[in-house]
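Chain residues, written in single-letter form:
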Amino acid sequence: MYISLRGTRFICLLALLFLLSACATTQNLSDEDRRKISVVRINSNVQKVPAMYYLGPGTGIFFAFGAIGGAVAAAASVEPGKALQEFAEKNGIFIEKIAFQEIDTALRQSGKLKVSDSGEATAATINVLVYQYGFSIPHGFSSNLVPVVAIRCEMVDAAGKVIWSANDTVLTLKNPAAPMSLEAMRDNPKSIEDAWRSAARRIAGNIARAL
């Protein structure tokens, strides 16, 4: 049974997680539940916040992504974060896909639980939520950007009860990615994926260790 994260519950959860975003939190899996679970399924329908987080250079982003002539006026009405998000998705880069792949890989490599390879019935499902993602300047004296990512995993049993959860973040401090400019992202869109993936990989490893 899949637990919906929409509506009021979703908004309240995001607000709570944002307050906790500076540290990882975990609801431990009980010994009894661990004995019951032999195989888990990772839900590929990863939820994410609709708006990308962005703290960095302002309208220069529109020129960085090639807005010229009359397009500049139209681009000026779009928030910088929205423009960068659309640029990433136009180039086939989706944070929810990255989050799923990294969580799936980390849990499989941990060997703590068997992860289902197909649609077989399982005793538990792990739902994944990307509750923050985007880019930020690492400090006030920089115009380059580093990835910001926050992911939460919830394991629910066949009855829909949450029996384990963990979340972790990568913020600007001790970021695993090298700062890069908007121009670098424009010239090499894959650098956006690489940055988000490095952050998601660190988070996934921490979450797997918490299981």
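Small disclaimer: the values here were computed from a predicted structure and weren't measured.

About the thresholds
- Residue indices follow the written sequence of each chain, beginning from 1 at its first position.
- Where totals are concerned, whole chains, interfaces and linings use all residues; where local detail is concerned, this predicted model gives features only for residues with pLDDT of at least 70, and gives and counts side-chain atom pairs only at 80 or more.
- Hydrogens and water are ignored here; the side-chain numbers use all heavy atoms of the structure.
- In DSSP terms, a helix is any run of H or I states spanning at least four residues, a strand is any run of E spanning at least two, and both are numbered starting from the N terminus.
- Burial here depends on accessible area, computed with a 1.4 Å probe over protein chains only, as a share of the maximum for the residue type. Under 20% is buried, over 50% is exposed, and the range in between is partly exposed.
- Pairs of residues are marked as contacts when any of their non-hydrogen atoms sit within 4.5 Å.
- With residues, only the protein chains shown are counted as cover, and all accessible areas are computed by Shrake-Rupley using a 1.4 Å probe.
- When DSSP finds at least two bridges between two strands, those strands are taken to pair.
- Any Phe, Tyr or Trp ring, taking Trp's six-membered ring, that has another such ring centre within 6.5 Å forms a pair; planes under 30 degrees apart are called stacked, those over 60 apart edge-to-face, and the others tilted.
- Take the buried Ala, Val, Leu, Ile, Met, Phe, Trp, Tyr and Cys residues and link them wherever side-chain atoms come within 4.5 Å; each set so joined is a nonpolar core.
- Given a helix with a known number of residues, its expected span is that number minus one, times 1.5 Å.
- As a per-residue measure, pLDDT reflects the predictor's confidence and takes values from 0 up to 100.

S.K.: What exactly am I supposed to notice about the overall build of the protein here?
M.R.: Helices and strands together make up the secondary structure of the protein, namely eight helices and eight strands. Every one of the 211 residues in the protein was classed for burial, and the buried ones make up 47%. Put simply, of all contacts in the protein between residues at least 6 apart along the chain, 75% involve residues at least 24 apart. Surface summary for the protein: the accessible area is close to 10,500 Å², and the carbon and sulfur share equals 56%.

S.K.: How should I be thinking about the pairing of strand β6 (residues 124-136) in this particular structure?
M.R.: Each regular strand shows side chains that alternate between the opposite faces of the sheet. Buried residues dominate β6, accounting for 13 of its 13 residues. Strand direction decides the pairing type here: strand β3 (residues 47-48) and β6, joined by two bridges, are parallel. The partner of Q47 across the bridge, within β6, is L129. Of the pairings in the sheet, the one linking strand β4 (residues 53-55) to β6 comprises three bridges and is parallel in character. Paired with Y53 across the strands is G134, a residue of β6. In the sheet, β6 pairs with strand β7 (residues 146-157) via 12 bridges, with the strands oriented antiparallel. Within β7, the residue paired with V130 across the bridge is I151.

S.K.: Help me out: how do you make sense of the packing of aromatic side chains in this one?
M.R.: Each pair of aromatic rings is reported with the distance of its centres and the angle of its planes. Evaluated as defined, the whole model comprises two aromatic pairs. These aromatic residues form a ring-pair network of at least three members: Y133, F135 and W196.

S.K.: Would you mind showing me how to read the side chain of D104 here?
M.R.: For D104, the position within the fold is in helix α6 (residues 95-110). Residue classification places D104 among the buried residues on the basis of a relative accessible area of 15%. Residues in contact with D104, not counting those within four places in the same chain, are I42 and V115.

S.K.: Just to check I follow, could you spell out the environment of A166 for this structure?
M.R.: Turning to its location among the elements, A166 is positioned in strand β8 (residues 162-170). Residue A166 is classed as buried on the basis of its relative accessible area, which comes to 1%. Counting along the chain gives 139 residues from A166 to Q27, while the straight-line C-alpha distance between them is 6.3 Å.

S.K.: I keep staring at the nonpolar core and nothing clicks. Help me out?
M.R.: Soluble globular proteins tend to pack their nonpolar side chains together in the buried interior. Membership of the largest hydrophobic core comes to 50 residues, with the highest contact counts inside it found for I103, F135, I151, M155, W164, I192 and W196. At the level of secondary structure, the elements contributing two or more residues to this core comprise β2 (39-42), α5 (80-90), α6, β6, β7, β8, α7 (182-187) and α8 (190-210). Sort the elements by how many residues they give to this core and α8 lands first, with nine residues. Other than its neighbours up to four places away in sequence, I103 contacts I42, V128, I151, C153, A204 and I207.

S.K.: Can you walk me through α6 in this structure?
M.R.: Working note: α-helix, 3.6 residues per turn, so residues spaced by three or four point in the same direction. Between the first and last C-alpha of α6 there are 22 Å, a value that for 16 residues agrees with the 22 Å anticipated at 1.5 Å per step. Taken together, the buried positions of α6 are I95, I98, A99, E102, I103, D104, A106 and L107. Buried positions along α6 lie against β2, β3, β5 (114-115), β6, β7 and α8.

S.K.: What should I look at first to understand the confidence of the model for the protein in this one?
M.R.: Low-pLDDT stretches of the model should not have their predicted coordinates read in fine detail. Averaged over all residues, the pLDDT of the protein is 82; the fraction at 70 or higher stands at 76%. Residue range residues 67-77 is modelled with pLDDT below 50. Its contacts to residues more than four positions away, or to other chains, number six contacts.

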